[in-house]
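Residue-level listing of the chains:
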Amino acid sequence: HHLWEHYTFKLDEEYLKSIYNVLTGASDFFINSMIKEPKNNWLVTSPSSSPENAFYITGSKEPIFVCMGPTMDVQIIKELFTNTLSAAEILGVEDETIVEIKKALPNLPPMQISANGYLQEWLEDYEEQDPNHRHVSHLYGLHPSNQISPISTPELANAARETLNRRGDEGTGWSRAWKVNFWARLHDVNRAYKLLKSLL
């Protein structure tokens with residue numbers, strides 16, 4: 001994503017040509033390593049995890065970390081595929097990778113809202129081991145990505161807001177700084193400013 005962002009600032013097609021193989025190489029990796037999960041036939045990473053947070057399955061109090069297709073993975077892959085398609089369109093390329101991305105993209109899991117109104121961190125609406133965990137990895141789609149917005153996806157933005165309220169404002173330096181950006185993306189300047197002051 002950093003490579004694509006660099007292109008968007010200068011719109012230098014020679015630079016875009018120089019990174020195109022990196023974008024397609026990363027895309028090829030996921031196209032070739034994802035599997036279909038059994039419930040909905042969505043394409044997912046497996047095995048994977050949602051960084052540092054664990055969940056419980058029904059009837060068990062044993063925390064589980066390993067899963068299929070955590071939300072953060074899906075958001076990162078969707079961003080990668082979308083950026084790669086954009087690069088190919090700009091460069092006028094239609095190679096095998098682009099064909100496969102176009103097939104795979106509609107089969108990625110959607111972002112899901114839990115019964116309690118917050119964004120699900122996993123494919124299933126699992127009970128979190130730590131509902132106040134400082135990591136909010138599944139909001140990658142809100143920041144630094146642009147997949148969640150109060151303007152274009154208000155329902156997901158509301159779910160992100162619920163997630164942040166549920167997790168709380170505590171955190172280590174970097175996780176609190178990330179929350180500043182989340183609130184700014186949700187257009188809540190007062191909450192962002194409050195967290196910025198607490199960070200400093």
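For the structure itself, look to the data block above.
Quick summary incoming for the structure in this document. (Residues numbered from 1 in each chain as written. Predicted model: local features only at pLDDT ≥ 70, side-chain atom pairs only at ≥ 80, totals over all residues. Heavy atoms only, no water.)

1. Side note on the overall build of the protein chain
Moving on, step 1. When helices and strands are tallied, the protein chain shows 7 helices and 4 strands.
Moving on, step 2. Expected size for 200 residues packed as a compact globule is a radius of gyration near 16 Å; at 18 Å, the protein chain falls within 12% of this value.
Moving on, step 3. Along the longest, intermediate and shortest principal axes, the C-alpha atoms of the protein chain span 45 × 40 × 25 Å.
Moving on, step 4. For the protein chain, buried positions account for 44% of its 200 residues.
Moving on, step 5. Considering only contacts in the protein chain between residues 6 or more positions apart, those separated by 24 or more positions represent 64%.
Moving on, step 6. A total accessible area of about 10700 Å² is found for the protein chain, and carbon and sulfur atoms account for 54% of it.
Moving on, step 7. A gap of 7 Å separates the mean positions of the 18 positive and 26 negative side-chain charges of the protein chain. (Helix = DSSP H or I, 4+ residues; strand = E, 2+ residues; numbered from the N terminus. Rg over C-alpha atoms; globule rule 2.2 N^0.38 Å. Buried < 20%, exposed > 50% of the residue type's maximum accessible area, 1.4 Å probe, protein only. Contact = heavy atoms within 4.5 Å. Areas by Shrake-Rupley, 256 points an atom, 1.4 Å probe, with all protein chains shown as cover. Lys, Arg positive; Asp, Glu negative; His and termini not counted. Charge placed at Lys NZ, Arg CZ, Asp CG, Glu CD.)

2. Quick notes on the packing of aromatic side chains
Moving on, step 1. Using the criterion set out here, one finds 7 aromatic pairs in the structure.
Moving on, step 2. Aromatic side chains W4 and Y7 sit 5.2 Å apart centroid to centroid with 40 degrees between the ring planes, which places their arrangement in the tilted category. Of this pair, W4 and Y7 both sit in helix α1 (residues 2-10), 3 residues apart, which is roughly one turn of the helix.
Moving on, step 3. Residue Y7 is classed as buried on the basis of its relative accessible area, which comes to 7%.
Moving on, step 4. With a centroid separation of 5.1 Å and 80 degrees between ring planes, the pair formed by F29 and F30 is classed as edge-to-face.
Moving on, step 5. Taking the relative accessible area as the measure of exposure, F29 reaches 53% and is therefore exposed.
Moving on, step 6. The aromatic ring of Y56 is capped on one face by K61, whose charged end is 4.8 Å from the ring centroid.
Moving on, step 7. Directly above the aromatic system of Y118 lies the positively charged group of R166, at a separation of 4.1 Å from the ring centroid. (Phe/Tyr/Trp six-rings, centres within 6.5 Å; stacked < 30°, edge-to-face > 60°. Lys NZ or Arg CZ within 6 Å of the ring centre and 35° of its normal.)

3. Re helix α4 (residues 96-104)
Moving on, step 1. For α4, the complete set of buried residues consists of T97, I98, I101 and A104. Along the axis of α4, the buried residues cluster in a sector spanning 125 degrees; they form a single face. Exposed residues pointing more than 90 degrees away from the buried face of α4 are listed as E96 and K103.
Moving on, step 2. Buried residues in α4 make contact with α2 (13-33), β2 (43-44) and α3 (71-91).
Moving on, step 3. Measuring from the side-chain oxygen of the N-cap residue of α4 to the backbone nitrogen of T97 gives 3.2 Å; that N-cap residue is D95. (Arc of directions from axis to C-beta. Polar contact = N/O pair within 3.5 Å; in protein donor to acceptor, adjacent residues only side chain to side chain.)

4. A look at a nonpolar patch on the surface
Moving on, step 1. Side chains of Y193, L196, L199 and L200 sit close together on the surface and give an oily, nonpolar patch of about 430 Å² of accessible area.
Moving on, step 2. Turning to its location among the elements, L196 is positioned in helix α7 (residues 189-199). (Patch = residues over 30% accessible without salt bridge, like charges linked within 9 Å, V, L, I, M, F, W, Y side chains within 5 Å. Salt bridge = Lys/Arg side-chain N within 4 Å of Asp/Glu carboxyl O.)

5. As for unusual backbone geometry
Moving on, step 1. The peptide bond linking S46 to P47 adopts the cis configuration, its omega dihedral lying at 0 degrees.
Moving on, step 2. Positionally, P47 belongs in the loop between β2 and β3 (55-56).
Moving on, step 3. Backbone geometry places N41, a non-glycine residue, at a positive phi of 65 degrees.
Moving on, step 4. One can find N41 in the loop between β1 (35-36) and β2.
Moving on, step 5. Taking relative accessible area as the criterion, N41 reaches 46% and is therefore assigned partly exposed.
Moving on, step 6. The backbone of E52 shows a phi angle near 70 degrees, a positive value even though the residue is not glycine.

6. Thoughts on the nonpolar core
Moving on, step 1. Membership of the largest hydrophobic core comes to 21 residues, with the highest contact counts inside it found for L16, Y20, M34, F81, A87, I98 and L108.
Moving on, step 2. Among the secondary structure elements, those contributing two or more residues to this core are α1, α2, α3 and α4.
Moving on, step 3. With 8 residues, the single largest contributor to this core is α3.
Moving on, step 4. Residue contacts for F81: discarding those within four places in its chain leaves S27, F30, I31, M34, I101, A104, L105 and L108.
Moving on, step 5. In terms of nonpolar packing, the next biggest core, distinct from the first, is built from 19 residues, M72, I148, L164 and A192 among them. (Core = buried A, V, L, I, M, F, W, Y, C linked by side-chain atoms within 4.5 Å.)

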